[in-house]
Amino acid sequence: MSKEKVMVGMSGGIDSSVTAYMLQKEGYEVEGIYLKLHNRTDGYHESNLGYIDGVAKFLGIKYYILDLAEKFTSDVYNYFVNSYLEGTTPNPCVKCNRNIKFGAMLDFSKEHGASYLATGHYATTDGKFFYEAEDKSKDQSYFLSQIRKEALPYMMFPLSSYKKEDIIKLGANLDVTYKKITEKNESQEICFVETVYTDVIKKHANIDQEGDVLDENGSVVGKHKGYAHYTIGKRKGFAVKGAHEPHFVIKLNPKDNTIVVGKRESLEINEVLGDNLNMYIDDKKFSCGVKLRYRSTTIPCDVEIVDNKALIYLREPAFGVASGQLAVFYDGSKVIGSAFIQSAK
C-alpha cells in the first residue's frame, strides 16, 4: 500500500524542518516546498535553501522551489505599501496565508499528488475549523482566519500541541543541520521588512513631509513628520503644544497630511464595521469573542452580518482600533470567521 503524500512548506526555519521530520516519522511520504517570494539579492534565499538542503538530505526527501515572487508582489507587498499610504494598517501575513501559502502553494501540492499540505504554524485544525494552539504565546490562528474554508480539509499543523522550546530541543538533538538551524536568528515578523516598515514605504513615496497635528476640534496643536509614520494609538513622534498628559493618534488624513490626536479616552471604541468576510459558520447573528489585533485580548461581542459586512457590537470597549487590521471571531478556542476592519466608533 502506498503511503499518503504530504507536502511541507519549508522555510529553512526550525518549525517547518521539525514538521517534516515528524510527518516522516508518522509514516507519510514527505516532500518539501520552498517559496521564493521576493527577489532579494542579499543571500537570503541561498541561506534558507542551504538549511533546507541539509534537512532534505538528512530525511532523504526531495523538495521544490516555487517562485511566487510576482504573485506575492501584487497580492501582499503592494497591498502593504498602499495600505500605509492610504492611512490604514495592513496585515500582510493574513493576505499571504490566504493567497500564497494556502492558495498557490496548496494548488501546487495538489497538482503534485499530495493529500495534505503541512506547515510549522502553531494552530490546530479538524478540517472544518481552526483552533488556537495549546501554546497560547505562539498561537497563530489569528493569521489563518482568512483562509478559504475549502482549503481546511487539506491542512496539517503537526506542532499544534507543542511548545516552541520543545521543538528547539528536539531539533538540536536530531542532526547537525537541525542543530545549526536552532542556533540561527528567528526570522523577522514580516519577511520583507528588514528594519522598520517605513523603510519599505520610503522606496515608493516621499513620506518625510512635515504636516499639522490637529486636535479633535480641528485646531492645529503641533507638527508631525509625515502621516505614514503613524498608526492609530501611537503616542510618540509628534509634538502637542501645551499638553500636560499623553496624546495618542486617533485619525490619519492622507489627503492633507494631517493627523488627529486626543487623550486616551478618545481611542475608546464600542462598535466595529468589518468587510471582506471569511466565515466558517453560516449564522447571520451570533455572540462570540473577537480579537481586533494579534496580541490583544478577546473581547465579548455580538455580531450581525448584513450585506456581506459584519456589524460588531463590543460588550466591553476596545482602545486604538485600526482600520485595515483584522477582527477574528472566536467561540472559545475555535475560530468561526474573520473580517477586515473598515471603520470603528
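Note that the coordinates shown come from a computational prediction; the quantities given were computed from them, not determined experimentally.

Procedures and definitions
Residues numbered from 1 in each chain as written. Predicted model: local features only at pLDDT ≥ 70, side-chain atom pairs only at ≥ 80, totals over all residues. Heavy atoms only, no water. Helix = DSSP H or I, 4+ residues; strand = E, 2+ residues; numbered from the N terminus. Rg over C-alpha atoms; globule rule 2.2 N^0.38 Å. Buried < 20%, exposed > 50% of the residue type's maximum accessible area, 1.4 Å probe, protein only. Contact = heavy atoms within 4.5 Å. Areas by Shrake-Rupley, 256 points an atom, 1.4 Å probe, with all protein chains shown as cover. Lys, Arg positive; Asp, Glu negative; His and termini not counted. Charge placed at Lys NZ, Arg CZ, Asp CG, Glu CD. Pairing = 2+ DSSP bridges. Axes fitted to C-alpha atoms, helices over the stretch in contact; angles between N-to-C directions. Bend = angle between axes of the 7 residues up to and from the residue. Phe/Tyr/Trp six-rings, centres within 6.5 Å; stacked < 30°, edge-to-face > 60°. Lys NZ or Arg CZ within 6 Å of the ring centre and 35° of its normal.

Asks: Tell me about the overall build of the protein, and name the residues and values.
Replies: In terms of helices and strands, the protein carries eight helices and 17 strands. In terms of C-alpha radius of gyration, the protein reaches 22 Å, essentially the compact-globule figure of 20 Å for 345 residues. Every one of the 345 residues in the protein was classed for burial, and the buried ones make up 52%. Look at the contacts in the protein between residues 6 or more apart in sequence, and 63% of them connect residues 24 or more apart. Just so you have it, the protein exposes about 16700 Å², and 47% of that area is on carbon and sulfur atoms. Averaged over its 44 positive side-chain charges, the protein has a centre that lies 2 Å from the centre of its 46 negative ones.

Asks: Before we move on, could you go through the pairing of strand 17 (residues 334–344) and cite the residues and values that matter?
Replies: Relative to strand 17, strand 6 (residues 130–132) runs antiparallel, the two being bridged by two bridges. Paired with Tyr-131 across the strands is Lys-334, a residue of strand 17.

Asks: Requested: an account of the sheet that holds strand 7 (residues 155–156), with residues and values cited.
Replies: Spatially, 3-2-1-4-7 is the arrangement adopted by the five strands of the open sheet, whose pairing is parallel. Of all strands in the sheet, those with a lone pairing partner are strand 3 (63–67) and strand 7, marking the two edges. Relative to strand 7, strand 4 (residues 116–118) is paired through two bridges, and the arrangement is parallel. The partner of Leu-117 across the bridge, within strand 7, is Met-155. Lying over the sheet, helix 2 (residues 44–59) contacts strand 2 (29–36) and strand 3, oriented at roughly 175 degrees with respect to strand 2.

Asks: Now, about the environment of Gly-226: what can you tell me, with residues and values included?
Replies: Take Gly-226: it is sitting in the loop between strand 9 (220–224) and strand 10 (248–253). Each C-alpha atom, one on Gly-226 and one on Ile-259, is 8.7 Å from the other, the two residues being 33 residues apart in sequence.

Asks: Quick one: what's the story with helix 3 (residues 69–85), residue by residue and with numbers?
Replies: Along its length, helix 3 reaches its greatest deviation from straightness, about 35 degrees, at Asn-78. Every buried residue belonging to helix 3 is among Ala-69, Phe-72, Val-76, Tyr-77, Tyr-79, Phe-80, Val-81, Ser-83 and Tyr-84, and all of these are buried. On its buried face, helix 3 is in contact with strand 2, strand 3, helix 4 (92–111), helix 8 (197–201) and strand 17.

Asks: Break down the packing of aromatic side chains for me, with residues and values.
Replies: For any pair of aromatic rings, the description consists of the separation of the ring centres together with the inter-plane angle of the planes. Summed over all chains, the structure comprises 15 aromatic pairs. A ring pair is formed by Tyr-64 and Phe-108, whose centres lie 5.3 Å apart and whose planes are at 75 degrees; its orientation type is edge-to-face. One end of the pair, Tyr-64, is in strand 3; the other, Phe-108, is in helix 4, and 44 residues separate them in sequence. Comparing Tyr-64 with Phe-108, the two get one shared label, buried. Look at Phe-80 and Tyr-84: their rings are 5.2 Å apart centre to centre, the planes differ by 80 degrees, and that puts the pair in the edge-to-face class. Here Phe-80 pairs with Tyr-84, and both are found in helix 3, just four residues apart, close to one helical turn. Across this residue pair, the class does not change: Phe-80 and Tyr-84 are buried. An aromatic cluster of three or more residues is present, and its members are Phe-72, Tyr-77, Phe-80, Tyr-84, Phe-192 and Tyr-197. Over the aromatic face of Tyr-44 sits the side chain of Arg-40, whose NZ or CZ is 3.9 Å from the ring centroid. Residue placement shows Lys-110 over the ring face of Tyr-154; its charged tip is 4.0 Å from the ring centre.

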